[in-house]
Amino acid sequence: MPYRNVGRGLNAPVQVLLVTSRESKRWVIPKGNFANTASPHLAAAQEAEEEAGVVGVVCPTPLGTYRYRKRKGSGASLMADVEVFPLAVSRELPDWKEKKQRNRRWFSLKDAANAVEEPDLRDLIRSFNSTEFNQAAQGVSVLSIVAEKSKVGPMFAWFQRLLPKTGGFFELFEAHAVALTAAADAMGRLVRGGPEMHENAREIFEREHDADMIIRDVLKTVRQTFLTPFDRSAITALVSSMDNAIDEMQAAASAIELYEFSDFGGEMTDMAAIIVDSARLVSEAMPLLRNVGANGERLHELTERLVRMEGHADEIHSAGLKAAFQAHRNGNAIEFVVRREIFKHLERIVDAFEDVANVIDGIVIDHS
C-alpha cells in the first residue's frame with residue numbers, strides 16, 4: 001500500500017496511491033504473486049514499482065491481510081489471500097512498466113477506502129491512520145463546555161487564569177514526534193544510498209537538534225508545572241524513549257558518514273523500513289494521548305504493532321549479522337565490524353520505539 005504524508009505536521013493528511021486493474025478498471029492497490037525466492041514485502045515493493053511507478057521503503061511487517069476473488073484465464077473465479085505491506089513513497093517515476101495499462105491516483109484515506117471494493121481492504125485503509133481517532137483526540141475540557149453552555153465567557157476567562165498551570169505537554173509531545181518522524185523518513189532515504197546520502201544524514205542531525213530543544217522544554221515544564229496530565233515519571237519516560245530513538249538515528253547516521261558506508265543490503269533496508277513505520281505509528285499515537293479514555297483501544301492497537309515490529313526487527317538483525325559474519329569470516333574483518341556497528345544502532349532505534357510503546361501502554365492502563 002503506497003502512502004505519503006502531505007506536509008510535515010502530525011495533522012498532515014495521509015494519502016494512499018491506488019491503481020486501476022487491467023481488465024475491470026476498478027481501483028486496487030498494487031499486488032501480484034511472488035516467487036519462493038523473494039520475500040513477500042520485497043515482491044510487493046517490486047509490484048508497486050511495476051504497476052504504479054513508485055519506489056520507497058517497504059516495511060517487512062504486514063499491516064494485515066484481505067481476500068478477494070481473482071478471475072483466472074480459464075474463466076474460474078478463485079479466492080486469493082493478499083498480505084498488505086506499507087510502502088513509504090520517496091519517489092514517483094515518470095515512466096514505468098505498466099504505465100499504458102493502468103491509471104494511478106493519490107486518494108485521501110477516506111476516499112481510498114470508498115474507492116476499493118474489498119471490505120477487508122477498506123478496513124485496512126481506514127485503520128492506517130484513521131481520522132476519526134485523531135478528531136476524537138482533540139478533546140474539549142469540561143470547564144470549556146461549562147463556559148460555553150452557561151454563556152459566562154469573560155468571567156470564565158478570569159477564573160481560568162486563577163487555576164494552576166498544566167503546561168503544554170501535549171504540544172511538546174507532538175512537536176517531538178514531528179522531529180522523530182522526519183528523522184525516520186530521512187533514515188529511510190539514507191539507506192537507499194545514492195548521491196543524496198550526505199544531505200539525508202545532515203537532516204537527521206538537524207532533526208536530532210530540534211528534538212533536544214524540545215526535550216529540554218519538557219523537563220523544564222515538568223519542574224515548573226503544578227498539575228500534569230500524567231504522572232511526572234510517565235511524562236519524562238515517554239519523551240526520553242522518543243529522544244533515545246532519534247539519538248540512535250543520529251548515531252547511525254554518524255557511523256555511516258564516518259565509515260563512508262553505502263553497501264546496506266536487504267536486512268539493513270528492512271530495519272530502516274520498520275523504523276519509518278514505527279515513527280508513523282508514534283506520530284499517530286501522540287495526539288490520541290489528549291484523551292486516553294476515549295482512545296485507549298486505538299492506542300493499544302498501535303503499541304501492539306510497535307512491539308510486533310520490534311520482534312520482527314530482532315529476527316532481521318540476527319539474520320543480517322549471521323550473513324555478514326559468513327561473508328567476512330575469512331576475509332575483511334573491518335568490514336564485518338563496521339556492519340555490526342551499524343546493525344547495532346538500527347536495532348537500538350527499534351528497541352527505543354518498543355520502549356515508547358511500553359510507556360504508552362502504562363499510561364493507558366493508568367488513565368483509561
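Residues numbered from 1 in each chain as written. Predicted model: local features only at pLDDT ≥ 70, side-chain atom pairs only at ≥ 80, totals over all residues. Heavy atoms only, no water.

- The protein chain goes by DUF47 family protein in an unreviewed UniProt entry, where it is assigned to Sphingomonas caseinilyticus.
- Taken directly from UniProt, the Sequence similarities (unreviewed entry) text for the protein chain runs: "Belongs to the UPF0111 family." (UniProt positions renumbered as here; feature names shortened; annotations may be inferred.)

## Here we look at the overall build of the protein chain
Item 1. Each helix and strand in the protein chain was counted, giving 12 helices and 8 strands.
Item 2. A total of 368 residues make up the protein chain; the buried ones form 47% of that total. (Helix = DSSP H or I, 4+ residues; strand = E, 2+ residues; numbered from the N terminus. Buried < 20%, exposed > 50% of the residue type's maximum accessible area, 1.4 Å probe, protein only.)

## With respect to the packing of helix 11 (residues 292-328) against helix 12 (residues 333-367)
A pair of packed helices is captured by two measures, namely the crossing angle of their axes and the spacing between those axes.
Item 1. Two elements in contact, helix 11 and helix 12, have axes separated by 8 Å at closest approach and are oriented at 165°. Comparing their axes, helix 12 and helix 11 come out roughly antiparallel. Judged by the sense of rotation from one axis to the other, the crossing of helix 11 with helix 12 is left-handed.
Item 2. Along the lines of polarity and charge, the residues of the contact of helix 11 with helix 12 split into 17 nonpolar, 9 polar and 10 charged. (Axes fitted to C-alpha atoms, helices over the stretch in contact; angles between N-to-C directions. Parallel < 35°, antiparallel > 145°, perpendicular 65-115°, else oblique. Left-handed = near helix turned anticlockwise from the far one by under 90°. Nonpolar A, V, L, I, M, F, W, Y, C, P; charged D, E, K, R; others polar.)

## Remarks on the pairing of strand 4 (residues 54-58)
Item 1. With 5 of 5 residues buried, strand 4 is to be regarded as a mostly interior element.
Item 2. One ladder, built from 5 bridges, connects strand 4 with strand 7 (residues 87-92); its direction is antiparallel. Its bridge partner lying in strand 7, Gly56 is registered against Val89. (Pairing = 2+ DSSP bridges.)

## Topic: the environment of Val82
Item 1. Tracing the sequence through the fold places Val82 in strand 6 (residues 77-84).
Item 2. Taking relative accessible area as the criterion, Val82 reaches 11% and is therefore assigned buried.
Item 3. Taking C-alpha positions, Val82 is 6.1 Å from Arg67, a pair spaced 15 residues apart along the chain.

## Side note on the side chain of Thr61
Item 1. Structurally, the position occupied by Thr61 is in the loop between strand 4 and strand 5 (64-71).
Item 2. Residue Thr61 is classed as buried on the basis of its relative accessible area, which comes to 4%.
Item 3. Once residues lying within four places of it in the same chain are set aside, the contact partners of Thr61 are Phe85, Pro86, Ile274, Arg305, Arg308, Met309 and His312. (Contact = heavy atoms within 4.5 Å.)

## Looking at the packing of aromatic side chains
Item 1. The final tally for this structure, using the stated rule, is 7 aromatic pairs.
Item 2. Cluster of aromatic residues (ring-pair linked, three or more members): Phe170, Phe173 and Phe230.
Item 3. In this structure, Lys31 packs its charged tip against the face of Tyr68, placed 4.9 Å from the ring centre.
Item 4. Here Arg280 stacks its cationic end above the ring of Tyr3, 5.9 Å away from the centre of that ring. (Phe/Tyr/Trp six-rings, centres within 6.5 Å; stacked < 30°, edge-to-face > 60°. Lys NZ or Arg CZ within 6 Å of the ring centre and 35° of its normal.)

## Thoughts on the nonpolar core
Item 1. Membership of the largest hydrophobic core comes to 71 residues, with the highest contact counts inside it found for Leu238, Met249, Met286, Leu289 and Phe353.
Item 2. Elements that contribute at least two residues to this core include exactly helix 7 (169-190), helix 8 (197-224), helix 9 (232-258), helix 10 (265-288), helix 11 and helix 12.
Item 3. Top element by residues in this core is helix 12. It accounts for 14 residues.
Item 4. Core analysis: the next-biggest nonpolar cluster, separate from the first, contains 25 residues, Met1, Ala112, Val116 and Val276 among them. (Core = buried A, V, L, I, M, F, W, Y, C linked by side-chain atoms within 4.5 Å.)

## Focus on helix 1 (residues 40-52)
Item 1. Helix length check: helix 1 (13 residues) gives 17 Å between terminal C-alpha atoms against 18 Å at 1.5 Å per residue, within 8%.
Item 2. If you follow the buried residues of helix 1, they end up packed against strand 1 (2-5), strand 2 (14-20), strand 4, strand 7, strand 8 (104-108) and helix 10.
Item 3. Positioned one or two residues after helix 1, Gly53 has a phi angle of 70°, which is positive. (Expected span 1.5 Å × (residues − 1).)

## Side note on the pattern of salt bridges
Item 1. The tally for this structure, following the rule as stated, stands at 19 salt bridges.
Item 2. Glu51 is the salt-bridge partner of Arg102, the closest N and O atoms lying 3.5 Å from each other. Linking Arg102 in the loop between strand 7 and strand 8 with Glu51 in helix 1, this pair joins segments that are 51 residues apart in sequence.
Item 3. Overall, the relative accessible area of 8% leaves Arg102 in the buried class.
Item 4. Exposure remark for Glu51: the relative accessible area of 5% places this residue in the buried category. (Salt bridge = Lys/Arg side-chain N within 4 Å of Asp/Glu carboxyl O.)

## Some points on the confidence of the model for the protein chain
Item 1. Model confidence for the protein chain is summarised by a mean pLDDT of 86, while 88% of its residues fall at 70 or above.
Item 2. Per-residue pLDDT stays below 50 along residues 139-164; that stretch engages in 8 contacts with residues further than four places along the chain or on separate chains. (pLDDT = per-residue confidence, 0-100.)

## Let's talk about the environment of Val337
Item 1. Structurally, Val337 can be placed in helix 12.
Item 2. For Val337, a relative accessible area of 41% translates into the label partly exposed.
Item 3. For Val337 and Phe325, which are 12 residues apart along the polypeptide, the C-alpha to C-alpha distance reads 9.3 Å.

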